[in-house]
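# Descriptive analysis of the structure
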Amino acid sequence: MNRLRVTPGPIVTLIALWLATRALMLWLTAHSGPRLLGGGAVTREVWRLYHHWYGVLAHGSFPVHDTLWQYPPGAGAVLLAPGLLPGLTYFQAFVLLTLAVDALTVAALLRAGSRPGRSLLGAALWTGGLPLLLHLPLARYDVQVTALGVLSLLAMARFPRAGGALAALGALVKVWPALALLGTPRGRPTRGAWLSAGWTGAGCLAVLAVFFTHPLSFLREQGGRGVQIESLGGTALNLARRLGWSGRSRYQYGAVELVGPHVRAVAVASLTLTALSFGLLVLWRVRARYWSEATPFDAALSAVLLFTVTSRVISPQYMIWLIGLAAVCLTSRHTGQRPVAVLVLAASALSTVAFPMYYREVIDGTWAGCLLMLARNGLLTAAAVLSFVRLWRSARPPADGAGPTARPRPDSDRLPDRALSAS
């Protein structure tokens, strides 16, 4: 057992790496004017758009008739939080809080990875992976959402009700953390987590409805969204532009989307693929018979990957979610998602090249922009397919009836007390 204990050296190294990389990210945030850093477009969303929404929320109402407001009501609490820090501008307070949540996330990953039989690779992935997106993570609230998803998954094994509550809080902010509940083992863990999530979500929504008007105003703005230029459908349409398609790009609904003939058909195809992905995940859940400690982690990453690549919108900050979920997977030695994590890191690096570095090429649909998005989305698609295939195989009964890394998971009340053998 001693050989599995973590010595202080790697932890100190990761803390030093976190401090160095976050200092660099802060510097980039303060010097984001050059064209390759977006010409200030990355940080503008905080001090202009988020600050505007803060002013609306501070008066007790969610934004109404605002096509840019497409987020569940829990997002309002995140956007109001910077107002709790006196003496700072909204932008400064937002960045400081985001950095604090980032520190909380890496601390949770370090704690999980330091347990006997676990791995610090997850903390290393989060520490080194997030800076691949340059200063973007500090200028979006996706770090906060990802932290709720990460904490939910890490808590699920020991405290299913706490994990369910955290997943519900995350879902109230940006929906996708609800997918953390997909891989909970059958029996009491699932009942506890799902019931806790339901009660927590309903309770928080009721509180928000009491203190704010129009909490569901975001729903009316979602239906009108088209095909964002960085999505798989957008990449296909951009390539079609090179072959004579008459469509063009336009800024609408808070993103650069493509408009023109057949765009609606592409959007419907994306929604259909999303529905098929959901069906595959439900089929996996129904047919799965073997669970390891990593199964809930692997299922969450696979689900979010599938929903991301089939979405009509793939914003660059979505990579923060995937890095966080891949990091949780790597805290377990039983995960089958290690090659998927590598693909996620590569896709994150390419996302940065696309936005903010060469976003004009993407918008204009040049060959460079098209090939760049084709490579990034190709990596994401490969990661999604590989992730689901590995998840499916990990839950199948072994041919010899006894697998080295998994145990049969009937409808029982809890997971086996003893850790599974090392992979």
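Our structure's up above, just so we're on the same page.
Attention in this report is confined to the structure presented alongside it. (Residues numbered from 1 in each chain as written. Predicted model: local features only at pLDDT ≥ 70, side-chain atom pairs only at ≥ 80, totals over all residues. Heavy atoms only, no water.)

### Things to note about the pattern of salt bridges
Here the structure, examined in full by the defined rule, presents five salt bridges. The closest approach of N and O atoms between Arg-118 and Glu-293, which form a salt bridge, is 3.9 Å. Of this pair, Arg-118 sits in the loop between α4 (90-113) and α5 (121-129) while Glu-293 sits in the loop between β4 (290-291) and α12 (295-309), and the two are 175 residues apart along the sequence. Glu-293 gets classed as partly exposed once you look at its relative accessible area, which sits at 26%. Residue Lys-174 is joined to Asp-142 by a salt bridge in which the shortest nitrogen-to-oxygen separation is 2.7 Å. Residue Lys-174 is found in helix α7 (residues 160-174), and its partner Asp-142 is found in helix α6 (residues 142-156); the two are separated by 32 residues along the sequence. As far as the burial class goes, Lys-174 and Asp-142 line up, both buried. (Salt bridge = Lys/Arg side-chain N within 4 Å of Asp/Glu carboxyl O. Helix = DSSP H or I, 4+ residues; strand = E, 2+ residues; numbered from the N terminus. Buried < 20%, exposed > 50% of the residue type's maximum accessible area, 1.4 Å probe, protein only.)

### Considerations on the environment of Leu-195
Take Leu-195: it is sitting in helix α8 (residues 188-211). Taking the C-alpha atoms as reference, Leu-195 lies 44 Å from Asn-238; in sequence the two are 43 residues apart.

### Some thoughts on the side chain of Ser-302
On the secondary structure map, Ser-302 appears in helix α12. What Ser-302 contacts, discounting residues up to four positions off in sequence, is Ser-387, Phe-388 and Leu-391. (Contact = heavy atoms within 4.5 Å.)

### Quick word on a nonpolar patch on the surface
Together, Leu-243, Trp-367, Leu-371 and Leu-374 line one region of the surface with nonpolar side chains, adding up to about 460 Å² of accessible area. We classify Leu-374 as partly exposed; its relative accessible area is 43%. (Patch = residues over 30% accessible without salt bridge, like charges linked within 9 Å, V, L, I, M, F, W, Y side chains within 5 Å. Areas by Shrake-Rupley, 256 points an atom, 1.4 Å probe, with all protein chains shown as cover.)

### Notes on the layout of surface pockets
Its volume calculated, the largest pocket comes out at about 1,400 Å³. As for the largest pocket, its lining consists of 44 residues, and the residues nearest its centre are Gln-70, Arg-225, Val-313, Ser-315 and Tyr-318. Taken together, the elements giving at least two residues each to the lining of the largest pocket come down to α2 (41-57), α9 (219-222), β3 (255-259), α11 (263-287), α12, α13 (318-330) and α15 (359-364). If one sorts the elements of the lining of the largest pocket by residue count, α2 sits on top with six residues. Per-class residue counts for the lining of the largest pocket are 26 nonpolar, ten polar and eight charged. (1 Å grid on protein atoms, 1.4 Å probe; cavity = no way out; pocket = protein on both sides within 12 Å on 5 of 7 lines; lining within 4 Å. Points joined across faces, edges and corners; volume = space filled by probe spheres on them. Nonpolar A, V, L, I, M, F, W, Y, C, P; charged D, E, K, R; others polar.)

### Concerning the packing of aromatic side chains
This model, assessed by the stated rule, comprises 16 aromatic pairs. Centroid distance Trp-53 to Tyr-71: 5.9 Å. Interplanar angle 75°. Geometry classified as edge-to-face. With Trp-53 in helix α2 and Tyr-71 in the loop between α2 and α3 (74-80), this residue pair connects regions lying 18 residues apart in the sequence. The same class applies to Trp-53 as to Tyr-71, namely buried. On the numbers, 4.9 Å between centres and 85° between planes, the contact of Phe-355 with Tyr-359 is edge-to-face. Looking at Phe-355, the relative accessible area reads 14%, which means it is buried. Ring pairing ties together the aromatic residues Tyr-50, Trp-53, Tyr-54, Phe-62, Trp-69, Tyr-71, Tyr-90, Phe-94, Tyr-141 and Phe-212, which thus form one cluster. Here the guanidinium or amino end of Lys-174 rests over the ring plane of Tyr-141, the centre of that ring lying 4.8 Å away. (Phe/Tyr/Trp six-rings, centres within 6.5 Å; stacked < 30°, edge-to-face > 60°. Lys NZ or Arg CZ within 6 Å of the ring centre and 35° of its normal.)

### Brief notes about the pairing of strand β2 (residues 248-252)
Bridge count for β2 against β3 is five bridges, and the pairing is antiparallel. The residue of β3 that forms the bridge with Arg-250 is Glu-257. (Pairing = 2+ DSSP bridges.)

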